[in-house]
Amino acid sequence: GGTVVLSALQLMSEIVEARYATGGWNIYAAQASDGEAFRAGAGKSARFLADPILPFTRYFAYLETPDESGARMSSLWVEYQEISAAPGAFAMRRVTRRDEIYPVFRELFRKDVGAQAA
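Reading the values: the criteria
- Residues numbered from 1 in each chain as written.
- Predicted model: local features only at pLDDT ≥ 70, side-chain atom pairs only at ≥ 80, totals over all residues.
- Heavy atoms only, no water.
- Pairing = 2+ DSSP bridges.
- Helix = DSSP H or I, 4+ residues; strand = E, 2+ residues; numbered from the N terminus.
- Axes fitted to C-alpha atoms, helices over the stretch in contact; angles between N-to-C directions.
- Expected span 1.5 Å × (residues − 1).
- Bend = angle between axes of the 7 residues up to and from the residue.
- Buried < 20%, exposed > 50% of the residue type's maximum accessible area, 1.4 Å probe, protein only.
- Core = buried A, V, L, I, M, F, W, Y, C linked by side-chain atoms within 4.5 Å.
- Contact = heavy atoms within 4.5 Å.
- Polar contact = N/O pair within 3.5 Å; in protein donor to acceptor, adjacent residues only side chain to side chain.
- Phe/Tyr/Trp six-rings, centres within 6.5 Å; stacked < 30°, edge-to-face > 60°.
- Lys NZ or Arg CZ within 6 Å of the ring centre and 35° of its normal.

### Looking at the sheet that holds strand E3 (residues 90-94)
Thought 1: Read across the sheet, 3 strands follow the order E1-E2-E3 without closing on themselves; strand pairing throughout is parallel. The sheet is open, and its two edges are formed by strand E1 (28-33) and E3, each paired on a single side. When the angles between neighbouring strand axes are averaged without regard to direction, this sheet yields 15 degrees.
Thought 2: In this structure, strand E2 (residues 59-64) lies alongside E3, joined through 5 bridges in parallel fashion. The partner of Leu 63 across the bridge, within E3, is Arg 93.

This is the structure we're talking about:
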């Protein structure tokens, strides 16, 4: 999370290109972050997620874990909200407690959610 979001997305892109460039693969991804990004990092990360990441993924889930108040939207959340993706191809959720993380990930990757991305 934080300032390394863009570099993580870039690494994902490199791995997909190196291992799965032949196409025909169903690539599902998940990102969890506190949403804080350094300076223009949130905008750059969102643009990189929108292109090239989302076009080669079947489904991408973003889970934000802000501080316990969860009152303020992070810079990454705001930028990611601007991403337009095919219905069922991109999902975002926020949690404020640790015990919510696993249940929300289970919800994000339910079988019927993945079928929507098909």
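Moving on, there is more to tell.
### Here we look at helix H2 (residues 41-56)
Thought 1: When the terminal C-alpha atoms of H2 are compared, their 22 Å separation across 16 residues agrees well with the 22 Å that a helix rising 1.5 Å per residue should span.
Thought 2: By the largest-angle criterion, Ala 50 marks the main kink of H2, which is about 35 degrees, and a proline, Pro 52, follows within four residues.
Thought 3: When we look at burial in H2, the residues that qualify are Gly 41, Ala 42, Gly 43, Ser 45, Ala 46, Phe 48, Leu 49, Ile 53 and Leu 54.

### What about the nonpolar core?
Thought 1: Grouped together as the largest cluster of nonpolar side chains are 21 residues, with contacts concentrated most on Leu 49, Phe 60, Tyr 80 and Phe 90.
Thought 2: At the level of elements, helix H1 (5-20), H2, E2, helix H3 (75-81) and E3 are the ones that each hand at least two residues to this core.
Thought 3: If you tally residues by element for this core, the top one is H2, at 6 residues.
Thought 4: The contacts of Tyr 80, once residues within four sequence positions are left out, are Val 5, Leu 9, Gln 31, Ser 45, Ala 46, Leu 49, Tyr 62, Phe 90 and Met 92.
Thought 5: If you look at the next biggest cluster of nonpolar residues, it comprises 7 residues, including Tyr 59, Ala 61, Val 95 and Val 104.

### Section: the side chain of Ser 74
Thought 1: Counting through the fold element by element, Ser 74 comes out in the loop between E2 and H3.
Thought 2: With relative accessibility at 2%, the residue Ser 74 sits in the buried group.
Thought 3: For Ser 74, the side chain forms a polar contact with the side chain of Glu 64, separated by 2.7 Å.
Thought 4: When sequence neighbours within four positions are dropped, the list of residues in contact with Ser 74 reads Asp 34, Gly 35, Glu 36 and Glu 64.

### A word on the packing of aromatic side chains
Thought 1: Tallying each qualifying case throughout the model produces 6 aromatic pairs.
Thought 2: Taking the centre distance of 4.8 Å and the plane angle of 70 degrees together, the rings of Tyr 62 and Tyr 80 count as edge-to-face. Note that Tyr 62 is positioned in strand E2 and Tyr 80 in helix H3, a separation of 18 residues in sequence.
Thought 3: Classification of Tyr 80 as buried rests on a relative accessible area of 0%.
Thought 4: When the ring of Tyr 80 is compared with that of Phe 90, the centres are 6.0 Å apart and the planes differ by 70 degrees; the resulting orientation is edge-to-face. With a gap of 10 residues between them, Tyr 80 in helix H3 and Phe 90 in strand E3 connect regions that are remote in the sequence.
Thought 5: What links up through ring pairs into an aromatic cluster is the set Phe 60, Tyr 62, Trp 77, Tyr 80 and Phe 90.
Thought 6: Against the face of Trp 77 rests Arg 94, its NZ or CZ located 5.5 Å from the ring centre.

By themselves, these figures tell us nothing about what the structure is for.
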